[in-house]
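# Geometric and topological summary
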Amino acid sequence: MTRRENRVGYLLALPAILGFLVFYGLPFVLAVWNSFTLGAGGTLFIGLENYRRIWGNTLFQLAAGNTALFMGTGIPAILVLSLLFALLLHKKFKGSRFVKLAFLFPMVVPAAATVMTLRIYLNGRTPGMALLVVLYIWKNIGFDIVLLLAGLTMIPGEYYESARLDGAGRWQSFCYITLPLLLPMLFLTFIISVLNAFKSFREAFLLAGEQPADNIYMLQHFMNSNFQNLNYPRLCVAAISCFLVIFVILAVMYGGWRLREKGGGRNE
Amino acid sequence: MKYAVGLVCLSAVLVFMSGCGASGQKEKVLTVCTENEFADMAESLADYYRLQNPEVRFKVVTLSMDEEKREAEIKKLRTAIMTGAGPDVFVLSTDGPPNTEVPLEPLFENTAKVMKAGVLLKLDDYMEADEAFHREDYVEAVLEAGTFEGGQYVLPISYTMDLMYLDSGVEGIAQWTSSALDVLTEETLRETVPLLEQPFLKNAGTAQLETMWQSQIPALIDYENECLQMEEEEIGRMIAEGTTFTKENLQDVTSLDAADFMEMYDKVRYGNRYFQFPKLEDQYRSGRFAACENEDGKVYGSVQYFAAVGRGCKLPQEAYEYIRLFLLPEFQTGGQVGVGEHYYGNIRPLHQEIPVCRSVREGWLREICGGYIRNEDLPLEELWSVLDKVGVVTIRSDVNRRLEEVWQQIGRDNDNSDKDKLIQELVGFMDLTAKE
């Protein structure tokens, strides 16, 4: 690629980069700054005091624990299930198009309608974590399936034919062809699943209100309460703590993937 | 070309210079955020302040009374406040505007937590420098309610107490339970004619029990240490059993003898009521005011209106001087006292909006509250002594509002199994609120 082409590329990407910096980058920097301050406007610097207080706060610990439990069960479950359904739907069969569409239907159902229906079934009972996980999977599995189907379509059929000629079984083909080649798409699906998991607060909020029972009290509830009580620094600390955890997980996964790619390259 | 560039640069410099000049002469503006009912007062005091300080201009922003508009306004304001760009002064009610059909959201959901959040200006230095301010002129316990970690962030303007006026006949009955009073209230309600589909409570002093513990329960939250001051089970028990007056003739008892109860019930239903708000002036001469006390003999109260300055305020001295006007005896006022005009579901204490300044009370009762005390010879000593006893004052908050909702649900459903569940929910809510 020539230098001129490079420059054109950057120029074309500039609006998006600027938009990202103005609407995400700058607010993020401001949020980081505010997490070290007290009160409105971020004028009184207090160092790590907010972090010390919040990490020691029992309610934050409860919220973080519940959020971790929700993501720790919901995300692996949605990834495994969506992979399973994607593999099944990858094979053409009568009505496969309809089934694919059916998986996407929950995405267009308004959260309020879903919650209203669920309330009838709950009949006054308190919703539990399991229900939130099921709701999350039901709502988002369609999109994950579409992503993984796209990934599966990109794997050349010749690889499987060649493997079959060499005597590889289905399981071996899956382990040595499908899974490694699907890894970039799985990684993308994982990131999107994490983002969608954060959006599940809407359902929890509609189901159990601003102050739900302890077992479904999530980080977003904590942040929402701090917004209502005008405690921006605490809100920022909670958000940044969240970001740090996700960042570390993603960095470890990305690092692992890169290492694997390099290792694979050397083996070749 | 060089000439053109030079001209452009010169123009730019001139523009910047003119901007600097303008900012030097900028008018001092204080933005006051208040409720509809306080807007006139806020404007009047702004005019008064401008007599001495004409360079300060005021912009009074009133929160909408329309539910949807208000919600949008509050969201915007909260965001602005958090970034330090909110109003300079707040003159607000602790639980939203009163006397609305639908309870409207207050700007500060929980004033105690807003103090903790650090968005309000600490007023101690300004108060100390203010020679005209004498703390002893005000009810200390009420001023204390506006402090957090020793600092004064909020100036309470008025407060409420849960009082019951007891007719002299009440001496005849030694004790009762909260549930017995509930029955009496219900009976009182049945007897009266509904007004605009809302039961009109006439002489129903008994109903005060409901609001009584709304003042007490939030006091159990220790915001500074992020915990509840009692065990959750104990709070649940308190709520379940109801809290009763601890005056010697209103003892907290677990049950009432059936015969005594029926006697009392009959008297209330068919005879003269024992517990009633006074309708006639002479009843004030014979009756007594009973306040809600805790075990240490401290009387409960809660802040009704308050004034505060935002931490981002660019004119803190001027803002303090302005909010101080609300506490001056000349401008202190109490609310209307609607004896015999208490709506069920929105029952307020006998005396609401008690001015925090001691010296204005008599004038308030005689001149402002209107209606029931006009006689200048009326002995009010006992009322003064009760008002002075206030010792534990809370700033009403989301806990109060949640408590009201739960209590209304309990009252409506009248189902004990639900009651237990609701109490559990409420205690859980308090626990979360304390720790958040």
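Residues numbered from 1 in each chain as written. Chains lettered and ligands numbered in written order. Predicted model: local features only at pLDDT ≥ 70, side-chain atom pairs only at ≥ 80, totals over all residues. Heavy atoms only, no water.

### Overview of a negative patch on the surface
A grouping of Asp214(A), Glu231(B), Glu232(B) and Glu233(B) is seen on the molecular surface, where their side chains present a negatively charged patch. Within the secondary structure, Glu232(B) is located in helix H9 (residues 232-241). A relative accessible area of 34% means that Glu232(B) is categorised as partly exposed. (Patch = residues over 30% accessible without salt bridge, like charges linked within 9 Å, V, L, I, M, F, W, Y side chains within 5 Å. Areas by Shrake-Rupley, 256 points an atom, 1.4 Å probe, with all protein chains shown as cover. Salt bridge = Lys/Arg side-chain N within 4 Å of Asp/Glu carboxyl O. Lys, Arg positive; Asp, Glu negative; His and termini not counted. Charge placed at Lys NZ, Arg CZ, Asp CG, Glu CD. Helix = DSSP H or I, 4+ residues; strand = E, 2+ residues; numbered from the N terminus. Buried < 20%, exposed > 50% of the residue type's maximum accessible area, 1.4 Å probe, protein only.)

### Focus on a nonpolar patch on the surface
A cluster of nonpolar side chains, contributed by Leu11(A), Leu14(A), Ile17(A), Leu18(A), Phe20(A), Leu21(A), Val22(A), Phe23(A) and Tyr24(A), occupies part of the molecular surface with about 970 Å² of accessible area. Relative to the elements of secondary structure, Phe20(A) occurs in helix H1 (residues 3-34).

### Here we look at the packing of aromatic side chains
Residues and elements named next belong to chain B. Under the counting rule described, the total for this entry stands at 22 aromatic pairs over all chains. With a centroid separation of 5.7 Å and an interplanar angle of 90°, the aromatic rings of Tyr-49 and Phe-58 are classed as edge-to-face. The class of Tyr-49 is buried, set by a relative accessible area of 4%. Here a set of aromatic residues connected by ring pairs shows up, and it is made of Phe-38, Tyr-49, Phe-58, Tyr-305, Tyr-322 and Phe-326. (Phe/Tyr/Trp six-rings, centres within 6.5 Å; stacked < 30°, edge-to-face > 60°.)

### Looking at the domain arrangement of chain A
Much of the literature gives interface size as the accessible area that the parts lose upon coming together. You can read the domains of chain A as domain 1 (1-25) and domain 2 (59-232). Distance from the C-alpha centre of domain 1 of chain A to the C-alpha centre of domain 2 of chain A: 32 Å. (Domains from an automatic or database assignment.)

### A short note on the pattern of salt bridges
Residues and elements named next belong to chain B. Scanning all chains against the criterion turns up 10 salt bridges over all chains. For Lys-28, the salt bridge is made with Glu-318, and the minimal N-O distance between the two is 3.2 Å. One end of the pair, Lys-28, is in strand E1 (residues 28-34); the other, Glu-318, is in helix H12 (residues 316-325), and 290 residues separate them in sequence. Judged by relative accessible area, Lys-28 falls into the partly exposed class, the value being 30%.

### Some words on the interface of chain B and chain A
Tallying the contact residues gives 23 residues for chain B and 23 residues for chain A. Where chain B abuts chain A, roughly 2200 Å² becomes buried across the two surfaces, and 57% of that area is made up of carbon and sulfur atoms. Put simply, chain B and chain A have one salt bridge between them. At the junction of chain B and chain A, the tally comes to three residue pairs in polar contact (both at pLDDT 80 or more). Going through the elements one at a time, helix H3 (67-82), helix H4 (111-117) and helix H16 (416-435) of chain B are the ones with two or more residues in the side of chain B that touches chain A. With five residues, H3(B) is the largest single contributor of residues to the side of chain B that touches chain A. Grouping the constituent residues of the side of chain B that touches chain A by class yields eight nonpolar, five polar and 10 charged. (Contact = heavy atoms within 4.5 Å. Buried area = accessible area lost by both parts, 1.4 Å probe. Polar contact = N/O pair within 3.5 Å; in protein donor to acceptor, adjacent residues only side chain to side chain. Nonpolar A, V, L, I, M, F, W, Y, C, P; charged D, E, K, R; others polar.)

### Some thoughts on the pairing of strand E6 (residues 154-161) of chain B
Residue and element names in this part refer to chain B. For E6, the buried fraction is high: eight of the eight residues fall into the buried class. The pairing of E6 with strand E16 (residues 354-355) spans two bridges and is antiparallel. Along E16, the bridge assignment pairs Ser-158 with Pro-355. (Pairing = 2+ DSSP bridges.)

### Brief notes about the side chain of Asn110(B)
Assignment of secondary structure puts Asn110(B) in the loop between strand E3 (89-93) and H4. In terms of polar contacts, Asn110(B) uses its side chain to reach the side chain of Asp398(B), at 2.8 Å. Residue contacts for Asn110(B): discarding those within four places in its chain leaves Asn229(A), Tyr223(B), Ser397(B), Asp398(B) and Thr433(B).

### Topic: the side chain of His221(A)
All names here are of chain A. Looking at the secondary structure, you find His-221 in helix H10 (residues 219-228). Look at His-221 and you get buried, because its relative accessible area is 1%. Contact partners of His-221, with chain neighbours within four places excluded, come to Phe-201, Ala-204, Phe-205, Gly-209, Glu-210, Pro-212 and Ile-216.

### Considerations on the pairing of strand E14 (residues 299-309) of chain B
If a strand is regular, its side chains alternate between the two faces of the sheet. Residues and elements named next belong to chain B. Burial within E14 is extensive, with 11 of its 11 residues counted as buried. Bridge count between E3 and E14: five bridges; the pairing is antiparallel. In the sheet register, Phe-90 faces E14, and the bridge partner there is Ala-308. The sheet contact formed by E6 and E14 spans seven bridges and is antiparallel. In the sheet register, Ser-158 faces E14, and the bridge partner there is Tyr-305. As paired strands, E14 and strand E17 (residues 390-395) are joined by five bridges and run parallel to one another. If you follow Val-303 over to E17, its bridge partner there is Ile-395.

### Looking at the packing of helix H6 (residues 129-154) of chain A against helix H9 (residues 201-208) of chain A
Between two packed helices, both the angle of their axes relative to each other and the distance between the axes serve to describe the pair. Residues and elements named next belong to chain A. Where H6 meets H9, the closest approach of the two axes is 10 Å, and the angle between their N-to-C directions is 130°. Relative to H9, the element H6 lies oblique. Remark: the crossing between H6 and H9 carries right-handed chirality. Along the contact surface, H6 presents Leu-131, Leu-132, Leu-135 and Lys-139, while H9 presents Arg-202, Glu-203, Ala-204 and Leu-207. Across the contact of H6 with H9, the residue classes tally to five nonpolar, no polar and three charged. (Axes fitted to C-alpha atoms, helices over the stretch in contact; angles between N-to-C directions. Parallel < 35°, antiparallel > 145°, perpendicular 65-115°, else oblique. Left-handed = near helix turned anticlockwise from the far one by under 90°.)

### Side note on empty space enclosed by the protein
With the rule as written, the count across this model stands at four cavities of 30 Å³ or more. By volume, the second largest cavity amounts to about 70 Å³. Of the residues contributing to the lining of the second largest cavity, the split by class is seven nonpolar, four polar and two charged. (1 Å grid on protein atoms, 1.4 Å probe; cavity = no way out; pocket = protein on both sides within 12 Å on 5 of 7 lines; lining within 4 Å. Points joined across faces, edges and corners; volume = space filled by probe spheres on them.)

### Overview of H1(A)
All names here are of chain A. For H1, spanning 32 residues, the distance from its first C-alpha to its last is only 40 Å, which falls clearly below the expected 46 Å at 1.5 Å a residue. The principal kink in H1, of about 45°, is found at Leu-14, preceding the proline Pro-15 by one to four residues. By the burial criterion, the buried members of H1 are Gly-25, Ala-31 and Asn-34. (Expected span 1.5 Å × (residues − 1). Bend = angle between axes of the 7 residues up to and from the residue.)

### Looking at the environment of Thr73(A)
Residues and elements named next belong to chain A. In this structure, Thr-73 sits in helix H3 (residues 58-90). A residue is classified by how much of its surface remains accessible, and Thr-73, at 39% relative accessible area, is partly exposed. Between the C-alpha atoms of Thr-73 and Val-133, which are 60 residues apart in sequence, the distance is 7.4 Å. Within the local environment of Thr-73, its side chain forms a polar contact with the backbone oxygen of Leu-69, the two atoms lying 2.7 Å apart. Side-chain polar atoms of Thr-73 contact the backbone oxygen of Phe-70, separated by 3.2 Å.

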